[in-house]
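# What the coordinates show
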Amino acid sequence: MKKVFSNQYFLLIIRIIIAMVFIYAGAEKISDPKGFSQSIYNYRILPIETINILAITLPWLELISGILLLFGISVKENAAIIGTLLLVFIIAVALSMIRGLDIDCGCFGKGNMVGWRKIGENSLMLIICVVLMAFDSRIILLNDRKTD
Amino acid sequence: MIKKNLLAIIFSSLTIGFIYNAINPNGIPLIREQRTLEFVQEDTILVPSESLKSETSTVDSTNLVQSSITRPSDQSDNQNKNEQQEFVKPLAIKIGKAYQLYLQGAKFIDARMPEEFAEGHIKGAINIPFDGDESYRDILKTIGKDEIIVTYCNGTECDLSILLGDELFEKGYKRVYIFFGGWNDWLEKGYPISKGEQ
């Protein structure tokens, strides 16, 4: 297993997949801040004062982390950021499922409902982030980093 | 992992986010506004002609003259007020007004999911799930912009009816009512319902 995870080509592929997903998710949310604000509101977890702050900043964190990850800049740091976001998303989706909220997850625009499928997808991506944090991805790096 | 890089990425993302939002014409306010419902005043509900007759027959002749003079002007005042309000934002209504609009032939739109709609809905209502895909919105083409529209969802806790009502209003439907209380209140009163898909 470790041999697979430490394979640089495998790491490169999963890194690009995660990067693309987050670049798309971030860009989509940036294009519709009002819709994303509504999506956060629908979860009924955060106080109303904080919702728009999150709706303004979170998509950019996704987009920039995704771009940096794609180009192999600070892979471990960006994998940590995206991993943390995924963990938060999993908790939010799980909470709304427990509370019986039948809402749009706000993940990639409209039409994605909260549910087990979303938890599964996010968990898979979280595992990828943990692998990237543990093994790094040194192939096609734009920044020449010798020490960690 | 380098903490400095981590913080730099987070900080720069937040900064870019705020700057972009400030210059973006579609930017949102830093604090989200709470959507408050504005209810139709109860006195704007027109008295059905039958009850008007029975009411007036009990009063003496002088009052009758007065009431016949004052009533129409009252009603038109209220109607004018109501119409002016309708151009500002969708108005919320409760079960009484909703049933009255139902009898007047207003279009009822169910904002819930198709499964819930199939289990039971207000008779004659059409289904436009707020979170559903865009294909449902083709149905909107059959509704004129001047028609009276009433959106509803499950009850007082859901806000699909509010979201759909606001969206329809933005799309140019000017006489949009949001039926606060929705399906639960309707069912409780025993008003006409039907089952199955549309």
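Worth saying up front: this structure is predicted, and the values here are computed from it rather than measured.

Take the pairing of strand 6 (residues 176-179) of chain B next. All names here are of chain B. Of the two faces of strand 6, the one lined by V176 and I178 and the one lined by Y177 and F179 are each fully buried. Two strands pair when backbone bridges link them, and strand 5 (residues 149-152) and strand 6 are joined in this way by three bridges, in the parallel orientation. Paired with V150 across the two strands is Y177, which belongs to strand 6. For the crossover that starts at strand 5, traverses helix 6 (residues 160-170) and ends in the parallel strand 6, the hand is right-handed.

As enumerated under the stated definition, the model contains six salt bridges over all chains in all. The residue E62(A) makes a salt bridge to K29(A) at a minimum N-O spacing of 2.8 Å. Linking E62(A) in helix 4 (residues 48-70) with K29(A) in helix 2 (residues 8-31), this pair joins segments that are 33 residues apart in sequence. By relative accessible area, which is 0% here, E62(A) ends up buried. With its nearest N and O atoms 3.3 Å apart, the salt bridge here joins K34(A) to E170(B). Residue K34(A) is found in helix 3 (residues 33-43), and its partner E170(B) is found in helix 6; the two belong to separate chains. A residue is classified by how much of its surface remains accessible, and K34(A), at 52% relative accessible area, is exposed. Classification of E170(B) as exposed rests on a relative accessible area of 61%. Members of the salt-bridge network, linked through shared partners, are R117(A), K118(A) and E121(A).

Roughly 1,300 Å³ of internal volume is contained in the largest pocket. As for the largest pocket, its lining consists of 44 residues, of which K34(A), Q38(A), R32(B), L163(B) and D166(B) are closest to the centre. Of all elements in the fold, only helix 2, helix 3 and helix 4 of chain A together with helix 6 of chain B reach the threshold of two or more residues within the lining of the largest pocket. Broken down by element, the residue count for the lining of the largest pocket peaks at eight residues, all from helix 3 of chain A.

What follows deals with the confidence of the model for chain A. Note that predicted coordinates carrying low pLDDT should not be read in detail. Mean pLDDT over chain A: 88, with 93% of residues reaching 70 or higher. Element-level mean pLDDT values for chain A span from 78 in helix 1 (residues 2-5) of chain A up to 95 in helix 4 of chain A.

Cut-offs applied
Residues numbered from 1 in each chain as written. Chains lettered and ligands numbered in written order. Predicted model: local features only at pLDDT ≥ 70, side-chain atom pairs only at ≥ 80, totals over all residues. Heavy atoms only, no water. Buried < 20%, exposed > 50% of the residue type's maximum accessible area, 1.4 Å probe, protein only. Helix = DSSP H or I, 4+ residues; strand = E, 2+ residues; numbered from the N terminus. Pairing = 2+ DSSP bridges. Right-handed = clockwise from strand over helix to strand, strands pointing away. Salt bridge = Lys/Arg side-chain N within 4 Å of Asp/Glu carboxyl O. 1 Å grid on protein atoms, 1.4 Å probe; cavity = no way out; pocket = protein on both sides within 12 Å on 5 of 7 lines; lining within 4 Å. Points joined across faces, edges and corners; volume = space filled by probe spheres on them. pLDDT = per-residue confidence, 0-100.

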